[in-house]
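What follows is the residue order along each chain.
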Amino acid sequence: MTRIAVATLSLLLLPSLGAAAPPEPAAVAPAAATQAAPAPVPVRVRILKGSRQGPASLDPKLAPMKQQLSKLAYLRWEQLSERDYQMVLKKTEFTDLPSGEHVALTVEATNGRNVTIEVALAQRNTQSRLTIEKGQRIVHQVSGEKGGVAYFVSVHAWPTGP
């Protein structure tokens, strides 16, 4: 038995004595390198001003949102800004409110036809997670009401029109 163990050991230690060298292990690609990065999610972000005072009116740029906005308690709607983003998973984009506060938007997850976006305001220490179906939009209040006026963010995932 000792001879078999010595012979086997010599074959392992001295491959030049007749045995071929064992093949080198193939380089294993990291899992992250083999997976494609998720496609960016096109997102349209609008900052809106809603007011309870004065006659009812709707900014013409907000006409596609008329039905959605009419369900809220505000009579007057004005679009203050609009930006289109190509949002990437876990990367934060910022947009400003007239008050100087910054709204942070982060894609937290995508799942086929849905995207979950976190809306955060650091100055108010608030965070909300919104899950939006492809082609849909959500209107989310991002400020407290002062003097009958409040600010909202409209988040439209994969926008196909205005």
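Undergrad: Explain the pattern of salt bridges residue by residue, including any values.
TA: Enumeration according to the criterion identifies 10 salt bridges in this entry. Among the ionic pairs, Arg113 bridges to Glu133, the shortest N-O distance being 3.9 Å. Remark: Glu133 occurs in strand β7 (residues 126–133) and Arg113 occurs in the loop between β5 (102–111) and β6 (114–121); sequence separation between them is 20 residues. On the basis of relative accessible area, Arg113 is assigned to the partly exposed category, the value being 49%.

Undergrad: So what's going on with the nonpolar core? Which residues, and what values?
TA: Formed by 23 residues in total, the largest nonpolar core has its most connected members in Leu105, Val115, Ile117 and Val142. Residue assignment for this core shows that the elements contributing at least two residues are β1 (41–51), β3 (76–87), β5, β6, β7 and β9 (149–157). Here this core gets five residues from one element, more than from any other, and that element is β9. Among the nonpolar cores identified, the runner-up in size contains nine residues, and Leu69, Trp77, Val139 and Phe152 belong to it.

Undergrad: Tell me about the packing of aromatic side chains, and please be specific about residues and values.
TA: A full pass over the atoms with the stated rule returns three aromatic pairs. Both rings, one in Tyr74 and one in Trp77, keep their centres 5.9 Å apart while their planes meet at 70°; by these two values the pair is edge-to-face. Put simply, the rings of Tyr74, Trp77 and Phe152 touch in pairs and so form one group of aromatic residues. Its end group placed over the ring of Tyr74, Arg52 keeps NZ or CZ at 4.5 Å from the ring centre. Lys134 extends its terminal NZ or CZ atom over the ring of Trp158, reaching a point 5.6 Å from the ring centre.

Undergrad: So what about the sheet that holds β3? Which residues, and what values?
TA: Taking strand neighbours across the sheet as the criterion, the five strands line up as β2-β3-β1-β9-β8 in an open arrangement whose pairing is mixed. A strand with exactly one partner marks an edge of an open sheet, and here the two such strands are β2 (57–58) and β8 (137–141). Across two bridges, β2 lies against β3 in parallel orientation. Considered in β3, the bridge of Leu58 is made with Trp77.

Undergrad: Could you give me a rundown of the sheet that holds β6, with the residues and numbers involved?
TA: On the basis of which strands lie adjacent, the open sheet formed by four strands has the order β4-β5-β6-β7 and antiparallel pairing. Looking at which strands have only one partner, the edges of the open sheet turn out to be β4 (92–96) and β7. Each adjacent strand pair in this sheet contributes to an overall mean axis angle of 25°, direction not counted. Where β4 and β5 come together, five bridges link them in antiparallel fashion. Bridge assignment links Phe94 to a residue of β5, and that residue is Ala104.

Scoring rules and cut-offs
- Residues numbered from 1 in each chain as written.
- Predicted model: local features only at pLDDT ≥ 70, side-chain atom pairs only at ≥ 80, totals over all residues.
- Heavy atoms only, no water.
- Salt bridge = Lys/Arg side-chain N within 4 Å of Asp/Glu carboxyl O.
- Helix = DSSP H or I, 4+ residues; strand = E, 2+ residues; numbered from the N terminus.
- Buried < 20%, exposed > 50% of the residue type's maximum accessible area, 1.4 Å probe, protein only.
- Core = buried A, V, L, I, M, F, W, Y, C linked by side-chain atoms within 4.5 Å.
- Phe/Tyr/Trp six-rings, centres within 6.5 Å; stacked < 30°, edge-to-face > 60°.
- Lys NZ or Arg CZ within 6 Å of the ring centre and 35° of its normal.
- Pairing = 2+ DSSP bridges.
- Axes fitted to C-alpha atoms, helices over the stretch in contact; angles between N-to-C directions.

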